[in-house]
Amino acid sequence: MDTMVSRTLSIHQEHELLLKLEAAGLTGQLAQRVIDAKDNTLAVRIIQLIGDIGPQVRLVKTLKVTCPGNATASQLIAQGEYTWVNPNITDERFPIQPHDPFTNELELFQFIDRDPSWDDVLTALVVRNLTQPTYEHGLYLGIQHRDEHIVVPHEPVQGPHGSLSVLVLRGDADHRELSLYYTALRCYRSRVFAGVRKQAS
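Quick summary incoming for the structure in this document. (Residues numbered from 1 in each chain as written. Predicted model: local features only at pLDDT ≥ 70, side-chain atom pairs only at ≥ 80, totals over all residues. Heavy atoms only, no water.)

### A closer look at the overall build of the protein
Here's step 1: Assigned secondary structure in the protein consists of 6 helices and 9 strands.
Here's step 2: By its C-alpha atoms, the protein is 70 × 35 × 35 Å across when sized along the principal axes.
Here's step 3: By the burial criterion, 37% of the 201 residues in the protein qualify as buried.
Here's step 4: Once local pairs closer than 6 in sequence are excluded, the contacts in the protein between residues at least 24 apart make up 70%. (Helix = DSSP H or I, 4+ residues; strand = E, 2+ residues; numbered from the N terminus. Buried < 20%, exposed > 50% of the residue type's maximum accessible area, 1.4 Å probe, protein only. Contact = heavy atoms within 4.5 Å.)

Below, the structure is given as structure tokens:
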């Protein structure tokens, strides 16, 4: 006997939804990423965005960052003149390939309703129409905007024990740190996060 499946959407709604998503740029490859995502995380983020039930954030400020593309991570760390640097931030774990110079506008935002998880941070980027910065953005932030306290939500980098982390800048007049935030943990809502504003096409 066939098992009856309870359906939420009508066949007509499914068809119209797929047409809208394809018109917005959905490809077979993107659809497969949603299907394969662990714990259905990408589908959850889509529903949060549609339902406007994601985390609440506020704009703190915007900053411009220029990446000349001619320095390694260790060279940028030296230019940052930090009081303390996490020893796991190395050229091997944070490689930077030479490239042409570019400038991006970064939006700094802060959570106002929760201590965010890593998924909350990624959802906030999507809701605000921002892209993830790179760790190169973060290293130049530490040089060009020395007094900022910023979590840089780039693609996480794996540490020596398998944990995933992203750069954190802590800047004060007499003490500056370049540390790591481990994405398995929640972050304090007082932290400020950076996202890259999309270039006008």
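### Topic: the pattern of salt bridges
Here's step 1: Taken as a whole and assessed by the stated rule, the structure comprises 10 salt bridges.
Here's step 2: Here Glu 107 and Arg 197 are joined by a salt bridge, their closest N and O atoms 2.9 Å apart. In this pair, Glu 107 sits in strand 3 (residues 102-111) while Arg 197 sits in strand 9 (residues 192-197), placing the two residues 90 residues apart along the sequence.
Here's step 3: Among the residues examined, Glu 107 registers a relative accessible area of 5% and is labelled buried.
Here's step 4: Since its relative accessible area comes to 30%, Arg 197 is described here as partly exposed.
Here's step 5: Taken together, the salt bridges that share partners define one network made up of Glu 105, Glu 107, Arg 128 and Arg 197. (Salt bridge = Lys/Arg side-chain N within 4 Å of Asp/Glu carboxyl O.)

### Points about empty space enclosed by the protein
Here's step 1: Considering all chains together, one arrives at 1 cavity of 30 Å³ or more under this definition.
Here's step 2: Roughly 30 Å³ of volume is contained in the largest cavity.
Here's step 3: The class makeup of the residues in the lining of the largest cavity is 2 nonpolar, 3 polar and 5 charged. (1 Å grid on protein atoms, 1.4 Å probe; cavity = no way out; pocket = protein on both sides within 12 Å on 5 of 7 lines; lining within 4 Å. Points joined across faces, edges and corners; volume = space filled by probe spheres on them. Nonpolar A, V, L, I, M, F, W, Y, C, P; charged D, E, K, R; others polar.)

### Looking at the packing of aromatic side chains
Here's step 1: Across all of its chains, the model carries 4 aromatic pairs by this definition.
Here's step 2: Ring centres of Phe 109 and Phe 193 lie 6.0 Å apart, and the angle between their planes is 25°; this geometry places the pair in the stacked category. With Phe 109 in strand 3 and Phe 193 in strand 9, the pair connects residues that are 84 residues apart, well separated along the chain. As far as burial versus exposure is concerned, Phe 109 and Phe 193 are alike and both buried.
Here's step 3: Taken together, a centroid distance of 5.5 Å and an interplanar angle of 85° make the contact between Phe 111 and Phe 193 edge-to-face. Note that Phe 111 is positioned in strand 3 and Phe 193 in strand 9, a separation of 82 residues in sequence. Taken as a pair, Phe 111 and Phe 193 share a single burial class, namely buried.
Here's step 4: By way of ring pairs, the aromatic residues Phe 109, Phe 111 and Phe 193 are connected into one cluster. (Phe/Tyr/Trp six-rings, centres within 6.5 Å; stacked < 30°, edge-to-face > 60°.)

### Details of unusual backbone geometry
The phi angle of most residues is negative, glycine excepted, and most peptide bonds adopt the trans form.
Here's step 1: The phi torsion at Glu 81 lies on the positive side, around 55°, for a residue other than glycine.
Here's step 2: By secondary structure assignment, the location of Glu 81 is in the loop between helix 4 (73-80) and strand 2 (84-85).
Here's step 3: Looking at Glu 81, the relative accessible area reads 58%, which means it is exposed.
Here's step 4: Although it is not a glycine, Asn 129 adopts a positive phi angle of roughly 60°.

### Comments concerning helix 4
Here's step 1: Listing the buried residues of helix 4 in full gives Ala 73, Leu 76, Ile 77 and Gly 80. The arc that holds every buried residue of helix 4, seen down its axis, measures 105°, which confines them to one face.
Here's step 2: Tucked inside the fold, the buried residues of helix 4 contact strand 2, helix 6 (135-144) and strand 8 (176-182).
Here's step 3: Looking one or two places after helix 4, you find Glu 81, whose phi comes out positive at around 55°. (Arc of directions from axis to C-beta.)

Note that every value here comes from positions in space, so none of it alone points to a role or purpose.
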